[in-house]
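Survey of secondary and tertiary structure
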Amino acid sequence: MSPGAMKLAVAGVLALLLLTAGGVWKVQDWRYGKQLAEQSGTHQADLTAISNAAAAQVRADQDKRLALEQRLAASDQTLHKGLSDAQTKQDRVRDSLATAELRLSVLLDAKDPASGCSVPATAGAGSVVHGGARARLDPAHAQRIIGITGDGDQGLIALAACQAYVREVSR
């Protein structure tokens, strides 16, 4: 074989190898490109599913929070109404005491020798007080007692509101 023909044969083999390698390269590119596209689609579907699940969880949490806020608002309104009613009752009693429409009295123990009270143990025939002997309280002392009981009522209402709040929040 002549050197020119040898060169031509080597060039032909090299060209054939290059064409074969290029063809194999192109086929693998198509195959891997298809696999990558499928993986990308699957990955995108997974991301969409995860995003939808997270959005649904956020909506559910927001709905729970809204429901809790509504229950707490209703509880707060109940507390406010209870405090307002207690304050109104306390004001009425205080006004009745101030106008002498109402009198506070205490039951005396007539058998107690330390009391030094000579009030009879039973009501007289002309008396409207029934039961044991009673002593009328000074209006100023009665006002203070009403104030103390009013503060106690407000404290009990506030305690009930706190307990209701804790029950709602811990649900």
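Report on the accompanying structure. Just so it is clear, the model here is predicted, and its values are computed rather than measured. (Residues numbered from 1 in each chain as written. Predicted model: local features only at pLDDT ≥ 70, side-chain atom pairs only at ≥ 80, totals over all residues. Heavy atoms only, no water.)

1. Considerations on empty space enclosed by the protein
Basically, it comes down to this: The distinction between a cavity and a pocket rests on a 1 Å grid over the protein atoms alone: a 1.4 Å probe fits inside a cavity but cannot get out, while a pocket stays open yet meets protein on both sides within 12 Å along at least five of seven lines, and a residue with an atom within 4 Å of a point counts as lining. Grid points are joined across faces, edges and corners, and a volume is the space filled by probe spheres set on the points. Residues are grouped as follows: nonpolar covers Ala, Val, Leu, Ile, Met, Phe, Trp, Tyr, Cys and Pro; charged covers Asp, Glu, Lys and Arg; every other residue, Gly included, is treated as polar.
For the structure shown, the criterion picks out one cavity of 30 Å³ or more. Volume-wise, the largest cavity comes out at about 40 Å³. Around the largest cavity sit Leu97, Leu102, Arg103, Leu104, Arg136, Leu137, Asp138, Pro139 and Ala142, which together line it. Its residues placed into classes, the lining of the largest cavity shows six nonpolar, no polar and three charged.

2. Notes on a nonpolar patch on the surface
Rules: Patch membership requires over 30% relative accessible area and the absence of a salt bridge. Like charges are linked within 9 Å, and nonpolar side chains (Val, Leu, Ile, Met, Phe, Trp, Tyr) within 5 Å. The method behind every accessible area is Shrake-Rupley, applied with a 1.4 Å probe, and residues are considered shielded solely by the protein chains displayed. Any carboxyl oxygen of Asp or Glu that lies within 4 Å of a side-chain nitrogen of Lys or Arg is treated as forming a salt bridge with it. Helix and strand labels come from DSSP, where a helix needs a run of H or I of at least four residues and a strand needs a run of E of at least two; each type is numbered from the N terminus.
A cluster of nonpolar side chains, contributed by Met1, Met6, Val10, Val13, Leu14 and Leu17, occupies part of the molecular surface with about 640 Å² of accessible area. Inspection of the secondary structure puts Met6 in helix H1 (residues 3-98).

3. Observations regarding the side chain of Gln90
The test is simple: Each residue is placed in one exposure class: buried if its accessible area under a 1.4 Å probe, protein chains only, is under 20% of its type's maximum, exposed if it is over 50%, and partly exposed if it falls in between.
Relative to the helices and strands, Gln90 is located in helix H1. Assessed through its relative accessible area of 9%, Gln90 is described here as buried.

4. Notes on the packing of H1 against helix H2 (residues 139-169)
Here is the rule: Axis lines are fitted through C-alpha atoms, for helices just across the contact stretch, and the angle between N-to-C directions can take any value from 0 to 180 degrees. Throughout, the term roughly parallel applies to angles under 35 degrees, roughly antiparallel to angles over 145, roughly perpendicular to angles from 65 to 115, and oblique to all others.
Close contact between H1 and H2 brings their axes to 10 Å; oriented N to C, the two are set at 170°. Taken together, H1 and H2 sit at an angle that is classed as roughly antiparallel. Residue classes in the contact of H1 with H2 are distributed as 16 nonpolar, eight polar and three charged.

5. As for H1
Operational definition: One less than the number of residues in a helix, times 1.5 Å, gives the span that helix is expected to have. A contact between two residues is defined here by any heavy atoms of the two lying within 4.5 Å.
An ideal rise of 1.5 Å per residue puts 142 Å on 96 residues; H1 measures up with 136 Å between its terminal C-alpha atoms. Of the residues making up H1, those classed as buried are Ser75, Leu79, Ala86, Gln90, Ser96 and Leu97. Elements that come into contact with the buried residues of H1 comprise H2. Positioned one or two residues after H1, Ala100 has a phi angle of 65°, which is positive.

6. What about the pattern of salt bridges?
For the structure on display, the rule yields five salt bridges. Among the salt bridges present, the one from Lys81 reaches Asp85, with a minimum N-O distance of 3.0 Å. Taken together, the residues Lys81 and Asp85, both in helix H1 and four residues apart, mark about one turn of the helix. Accessibility expressed as a relative area gives 51% for Lys81, which makes it exposed. Asp85 sits in the partly exposed class, given a relative accessible area of 35%. Where Arg94 meets Asp91, a salt bridge forms, and the shortest distance between an N and an O atom there is 3.8 Å.

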